Amino acid sequence: MNSQTKTNKRILALDILRGVTIAGMIMVNNPGTWGHIYAPLRHAEWNGLTPTDLVFPFFMFIMGISTYISLKKYNFKFSHAAALKILKRTIIIFLIGLAIGWFSRFCYYWAGSHEGLSFGEQLWASVWTFDRIRILGVMQRLALCYGATAIIALTMKHRHIPYLIATLLVGYFILLMCGNGFAYNETNILSIVDRAILTPAHMYKDNGIDPEGLLSTIPSIAHVLLGFCVGRMMLDSNKAESREALLNSHLIKLFLVGAILTFTGFLLSYGCPINKKIWSPTFVLTTCGLASSFLALLIWIIDVKGYKKWCTFFEAFGVNPLFMYVLGGVLSILFGSISFPWGDGSISIHGFLYKIVLIPIFGETGGSLAYALLFVAINWCIGYQLYKRKIYIKI
């Protein structure tokens, strides 16, 4: 194999970081019970940062790098074909997010007790939940941020993007300061805007704060753009260099960026708290910095040192990331809504695994963690079959 072929070889660490974040997102979304969760697997109640708060922003950071890679084939030139493809993908991802929310309401309502309703009435009540379905969510945020980042990357000179990122983050901070944006209640400007436009029936219920709300999409776009800029810094290199030289260059750049962003984020947090639910500017800087450092560590372990045997588990998630996340959401709904006779009543698949199988062995908290790990393993079994057959489902 010549050096040019080696240089163009895929960086496995990118897939592994994607896989780690998707597996983490599935795990933290599916404990045995929300009443007994290990502290590291809880989101920060308001200000602050836990390991769980890192998985979603890490994925958005890597999505920015992936966007840079995918747009290179257009040579970053705007065209109707490119715009149409971006728009189509944005709409599909957004609609999938809405569909998961609808499917959840349908399954749980259908599985509930509805005495006095005919079959047709129960079916209609289960199907027509659009008056209370949540409009925004994780997939919807990914869609909006991907679409905005891709269009910006094709229409703006790349050297100007860092200035746009700074403008978005500073402007958002001013908005938070002027609009009581750090208050964990309905006086928060984010809550006011979401309740006025989305209405409470279509929002996440958390003191009036929707963690994937409208205004907090602004810093989220800056977040993905930061990932895009890091991808450009990494991959816009001299193609004549050997693969080893390129990887070492990646390591230095990523560690530098990671250290600067993380330090800056923590330093500024004294005036602008790190907060995931409002996606504060310091949350963007800190999590992008940590993601950059973690990616550098993975490149050193996997691509430089060649320790790859442990990677298969996460690679099965990383090669089909959005599909695996959607699969996890669908299985979670089915496990929670499908019941079967047990004792004098009935029990869901989720309830049986957690209460009957795991609690007697591990206790409530240990069983909750064991269920989350078991659920990830079930998803992996499906993902591994796709990975082994080289089936890539792009969403």
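It should be noted that the structure appears before, not after, this text.
Just so it is clear, the structure is predicted and the values come from calculations on it, not from any experiment. (Residues numbered from 1 in each chain as written. Predicted model: local features only at pLDDT ≥ 70, side-chain atom pairs only at ≥ 80, totals over all residues. Heavy atoms only, no water.)

Colleague: Looking at this structure, how should I read the packing of helix α4 (residues 80-111) against helix α6 (residues 138-155)?
Modeller: For any two helices packed against each other, the geometry comes down to the angle between their axes and how far apart the axes lie. Between α4 and α6, the shortest axis-to-axis distance is 7 Å and the interhelical angle comes to 170 degrees. With respect to α6, the element α4 is oriented roughly antiparallel. Facing A82, I86, R89, T90, I93, F94, I96, G97 and L98 of α4, the residues of α6 in contact are M139, Q140, A143, L144, Y146, G147, A150, I151 and L154. Looking at the contact of α4 with α6 residue by residue, the class counts come to 13 nonpolar, 4 polar and 1 charged. (Axes fitted to C-alpha atoms, helices over the stretch in contact; angles between N-to-C directions. Helix = DSSP H or I, 4+ residues; strand = E, 2+ residues; numbered from the N terminus. Parallel < 35°, antiparallel > 145°, perpendicular 65-115°, else oblique. Contact = heavy atoms within 4.5 Å. Nonpolar A, V, L, I, M, F, W, Y, C, P; charged D, E, K, R; others polar.)

Colleague: Explain helix α9 (residues 217-235) to me, please; I cannot follow it from the model alone.
Modeller: With 19 residues, α9 extends 27 Å between its outermost C-alpha atoms, agreeing within 8% with the 27 Å of an ideal straight helix rising 1.5 Å per residue. Among the 19 residues that make up α9, 16 are buried, leaving the element largely enclosed by the rest of the structure. (Expected span 1.5 Å × (residues − 1). Buried < 20%, exposed > 50% of the residue type's maximum accessible area, 1.4 Å probe, protein only.)

Colleague: I would appreciate a short explanation of the pattern of salt bridges in the present structure.
Modeller: Tallied over the entire structure, the rule returns 5 salt bridges. For R132, the salt bridge identified is with D131, shortest N-O distance 3.0 Å. Exposure remark for R132: the relative accessible area of 27% places this residue in the partly exposed category. Here the salt bridges share partners, and the residues they tie into one network are R134, D210 and E212. (Salt bridge = Lys/Arg side-chain N within 4 Å of Asp/Glu carboxyl O.)

Colleague: Would you mind going over the nonpolar core with me for this structure?
Modeller: A general tendency of soluble globular proteins is for nonpolar side chains to be buried together. Among the nonpolar cores identified, the biggest contains 93 residues, and L142, M234, L295 and I299 are the most heavily contacted of them. With 12 residues, helix α3 (residues 52-71) is the single largest residue contributor to this core. Of all hydrophobic cores here, the second largest spans 9 residues; its members include V193, I209, L215 and I278. (Core = buried A, V, L, I, M, F, W, Y, C linked by side-chain atoms within 4.5 Å.)

Colleague: What is the right way to look at the packing of aromatic side chains in this model?
Modeller: For any pair of aromatic rings, the description rests on two quantities: the centre-to-centre distance and the angle between the ring planes. Under the defined criterion, the tally for this structure stands at 21 aromatic pairs. Taken together, a centroid distance of 5.6 Å and an interplanar angle of 65 degrees make the contact between F340 and F352 edge-to-face. Taken as a pair, F340 in strand β1 (residues 339-342) and F352 in helix α14 (residues 349-388) lie far apart in primary sequence, 12 residues in all. Judged by its relative accessible area of 23%, F352 is partly exposed. When the centroid spacing of 5.2 Å and the interplanar angle of 75 degrees are considered together, the rings of W342 and F352 count as edge-to-face. One end of the pair, W342, is in strand β1; the other, F352, is in helix α14, with 10 residues separating them in the sequence. Residue classification places W342 among the partly exposed residues on the basis of a relative accessible area of 42%. Through a chain of ring-to-ring contacts, three or more aromatic side chains come together here, namely W310, F313, F314, F317, W380, Y384 and Y387. When the ring centre of Y146 is taken as reference, the NZ or CZ atom of R89 above it lies at 4.8 Å. Over the ring of W279 we find R141; its NZ or CZ atom is 5.3 Å from the centre of that ring. (Phe/Tyr/Trp six-rings, centres within 6.5 Å; stacked < 30°, edge-to-face > 60°. Lys NZ or Arg CZ within 6 Å of the ring centre and 35° of its normal.)

Shape descriptors only; they carry no functional weight alone.
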